[in-house]
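# Geometric and topological summary
Here are the chains, one letter per residue:
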Amino acid sequence: MSKEIPADIHVENTDSGEITLAEVRFFEAKRDAFPLYESLRAAILQNCGPTEIQVKKTQISFVNRHLFGAVSFTPVRRAKERPNPYITVTFGLSYQLDSPRIDAAVEAYPHRFTHHLIIGSVDEIDGELLGWLREAADFACSKR
């Protein structure tokens, strides 16, 4: 039996494509976080070039030639330190960022660093974050 779209989540068209039912369903357990995703999604589609969106069980991936970013609910902060609502934004770069906004960073492969940060407000989807995501998209395109 399929789940219904919660009545208080609005599905709308964006300039770069319609939000899918799979994207909406990803947020069924955390409806309050959906507006954060909508804003981030629109900003990525506007600023990061051609992007495919892939909905998986635990994350929504943003892909060009390779995966360059993702949204999830990965708890990279202690529960009492996480805003409510929140989403975790993950992206990869060729170097480790030195920023207080980054909650966790690991060198998954040599010269490939995965960064995680938590967003609790649409105001945090700013030029700095979009710059990192654009750089991650460019880095993903350059991988072999």
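As a starting point, this report considers the structure included with it. (Residues numbered from 1 in each chain as written. Predicted model: local features only at pLDDT ≥ 70, side-chain atom pairs only at ≥ 80, totals over all residues. Heavy atoms only, no water.)

Bringing the environment of Ile 19 into the picture now. Secondary-structure assignment places Ile 19 in the loop between β2 (17–18) and α1 (21–26). Since its relative accessible area comes to 2%, Ile 19 is described here as buried. When the C-alpha positions of Ile 19 and Arg 41 are compared, they lie 9.2 Å apart, and in sequence the two are 22 residues distant. (Helix = DSSP H or I, 4+ residues; strand = E, 2+ residues; numbered from the N terminus. Buried < 20%, exposed > 50% of the residue type's maximum accessible area, 1.4 Å probe, protein only.)

What follows concerns the nonpolar core. In this structure, Phe 27, Leu 40, Ile 87, Val 89, Phe 91, Leu 129 and Leu 133 are the most contacted members of the largest nonpolar core, which totals 35 residues. If you list the elements that add at least two residues to this core, you get α1, α2 (34–47), β4 (59–63), β5 (67–72), β6 (87–93), β8 (112–119) and α3 (127–142). No other element matches the seven residues that α3 contributes to this core. What Leu 133 contacts, discounting residues up to four positions off in sequence, is Leu 40, Ile 44, Cys 48, Phe 68, Val 89 and Phe 91. (Core = buried A, V, L, I, M, F, W, Y, C linked by side-chain atoms within 4.5 Å. Contact = heavy atoms within 4.5 Å.)

Any two side chains of opposite charge can pair, so long as their charged atoms come close to each other. According to the stated counting rule, one finds five salt bridges in the structure shown. With a closest N to O distance of 2.7 Å, Arg 41 and Glu 23 form a salt bridge. In this pair, Arg 41 sits in helix α2 while Glu 23 sits in helix α1, placing the two residues 18 residues apart along the sequence. You'll find Arg 41 and Glu 23 in the same group, each marked buried. Of the charged contacts in the structure, one is a salt bridge between Asp 126 and Arg 101, with a shortest N-O distance of 2.9 Å. Separated by 25 residues along the polypeptide, Asp 126 in the loop between β8 and α3 and Arg 101 in the loop between β6 and β7 (104–109) bring together distant segments of the chain. On the basis of relative accessibility, which here comes to 27%, the residue Asp 126 falls in the partly exposed class. Judged by its relative accessible area of 19%, Arg 101 is buried. (Salt bridge = Lys/Arg side-chain N within 4 Å of Asp/Glu carboxyl O.)

Ordered by their spatial adjacency, six strands build an open sheet running β3-β4-β5-β6-β8-β7, and the pairing between neighbours is antiparallel. Where the open sheet ends on each side, the last strands, each with one partner, are β3 (52–55) and β7. Here the average twist between neighbouring strands, direction ignored, is 20°. Two strands pair when backbone bridges link them, and β5 and β6 are joined in this way by four bridges, in the antiparallel orientation. In the strand pairing of β6, Ala 70 is matched with Thr 90. Its contacts with the sheet put α3 on β5, β6 and β8, and the angle it makes with β6 is roughly 45°. (Pairing = 2+ DSSP bridges. Axes fitted to C-alpha atoms, helices over the stretch in contact; angles between N-to-C directions.)

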